[in-house]
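# Structure assessment
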Amino acid sequence: MVVVMAPEATESDIDNIVALVGAAGGEAFVSRGVNRTIVGLVGDSERFGALNLRGQRGVGDVVRISTPYKLVSRENHPERSTVRVGGVPIGPDTMTLIAGPCAVETPDQTLKAALMAKLRGGAFKPRTSPYAFQGLGEEGLRILAEVRAETGMPVVTEVVDARDVELVAQYADMLQIGTRNTQNFALLQAVGDAGKPVMIKRGMSGTIEEWLMSAEYVAQRGNLDIVLCERGIRTFEKATRNTLDISAVPVAQRLAHLPVIVDPSHSGGRRDLVLPLTRAAIAVGADGVIIDVHPHPETALCDGPQALVHDDLTELAALVRALPPVVGRALTPAAEPAAV
Ligand code: PEP
Ligand code: MN
């Protein structure tokens, strides 16, 4: 059950709901969104029924939610949400292009990649092999911050350990949870507390429901600024790195109110597939795409084979400008690449 507070509700109205629910033996989780505050209730709904929650001061609505995820469910929040990342909107009215190197390697490489597009870049890299490049850590974060200062681009970067969340949040505009950590619940709770938007990749062997439950962990800490990212799932097919589950985009958008973007780079794992998969993502109604780019992919320390070079990105950016209006999505300045 979820209590949706009215726009004019005060802090004491919210405290009143939390106290009533506590007195009835339940737990209340307060989530503050841009437009309104919602309170998720956990406990005996029969006892909550006796509280006359709908009649309490500052309450807009009380909704019974049938799905196991409550706060991110569209049953609770029928309009689709927009998340703002350093001033850039990601949501139903925009097609956002996020791009940058898989890993931050040097200041020069990061700046060149940033000048190719909006910025993503990993300082902490979760690698299947402990012998592979693990990222530059805090030095990588400092490079990202310098490049942000030079280009004005918001920074999306991954955090792989709950102990690093505070550090990464000092530098990043959006915290990324990678596919390998989608069910690291302590990490999800820590990023939920960090006060920054969070992007959650789908687990490579995770169901859509499990992905939404991961988002619920973040939402339960009071943070509803969550972006979901479909990045391909593991199937029997070996021709591609992962199989892009394109149907997950409209399914997740119907079940949750959160923006859903697609990562065509990690899905296909091949440069030649990035453009066709981006076309598919836009056509299916994704709210954005996140793309690996590199000034010299042949020397990349991570994921070079899937990184776009300058001319590829120019072509992709043209597609991101041209296709959204064809599928009924208004084009906004957020779709303009910073420099190509
Ligand atoms: C990445 O975006 O750099 C990354 C490691 O992605 P994923 O978690 O989807 O493999
Ligand atoms: Mn990568």
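Here the structure is a predicted model, which means the values were calculated and not measured.

### Some points on the site of ligand 1
- Near ligand 1, the surroundings consist of 11 residues, among which K125, Q176, T179, K201 and R231 are the closest.
- Here an oxygen atom of ligand 1 sits 3.1 Å away from a polar atom, N or O, in the side chain of R180.
- With respect to ligand 1, the side chain of K201 contributes an N or O atom lying 2.8 Å from an oxygen atom.
- Isolated, ligand 1 exposes 300 Å² of accessible area, and the fraction of that covered by the protein chains is 97%.
- Looking at side-chain class alone, the shell around ligand 1 contains 1 nonpolar, 4 polar and 6 charged residues.

### Looking at the domain arrangement of the chain
- One can read the domain layout of the chain as domain 1 (2-63) and domain 2 (83-335).
- Of note, the centres of domain 1 and domain 2, computed from C-alpha atoms alone, are 34 Å apart.
- Each partner contributes residues to the interface: domain 1 has 7 residues there, and domain 2 has 5 residues.
- For the pair domain 1 and domain 2, the summed buried area comes to about 450 Å², and 58% of that belongs to carbon and sulfur atoms.
- Counting the contacts that link domain 1 with domain 2 gives 0 salt bridges.
- Summed over the shared surface of domain 1 and domain 2, the number is 1 residue pair in polar contact (both at pLDDT 80 or more).
- In terms of residue count, the dominant contributor to the side of domain 1 that touches domain 2 is strand 2 (residues 27-32) (4 residues).
- Of the residues assigned to the side of domain 1 that touches domain 2, the class counts are 4 nonpolar, 2 polar and 1 charged.

### Section: the coordination of the manganese ion (ligand 2)
- Binding of the manganese ion (ligand 2) to the protein goes through C102 (SG), H266 (NE2) and D303 (OD), at separations of 1.9 to 2.2 Å.
- Read N to C, the donor residues that coordinate the manganese ion (ligand 2) are spaced as C-x163-H-x36-D. Remark: H266 occurs in helix 9 (residues 264-268) and C102 occurs in the loop between strand 7 (96-100) and helix 3 (107-116); sequence separation between them is 164 residues. Each member of the pair, C102 as well as H266, is classed as buried.

So, how was this worked out
Residues numbered from 1 in each chain as written. Chains lettered and ligands numbered in written order. Predicted model: local features only at pLDDT ≥ 70, side-chain atom pairs only at ≥ 80, totals over all residues. Heavy atoms only, no water. Near = heavy atom within 4 Å. Polar contact = N/O pair within 3.5 Å; in protein donor to acceptor, adjacent residues only side chain to side chain. Areas by Shrake-Rupley, 256 points an atom, 1.4 Å probe, with all protein chains shown as cover. Nonpolar A, V, L, I, M, F, W, Y, C, P; charged D, E, K, R; others polar. Domains from an automatic or database assignment. Contact = heavy atoms within 4.5 Å. Buried area = accessible area lost by both parts, 1.4 Å probe. Salt bridge = Lys/Arg side-chain N within 4 Å of Asp/Glu carboxyl O. Helix = DSSP H or I, 4+ residues; strand = E, 2+ residues; numbered from the N terminus. Donors = N, O, S within 2.8 Å, 3.2 Å for Na, K, Ca; no water. Buried < 20%, exposed > 50% of the residue type's maximum accessible area, 1.4 Å probe, protein only.

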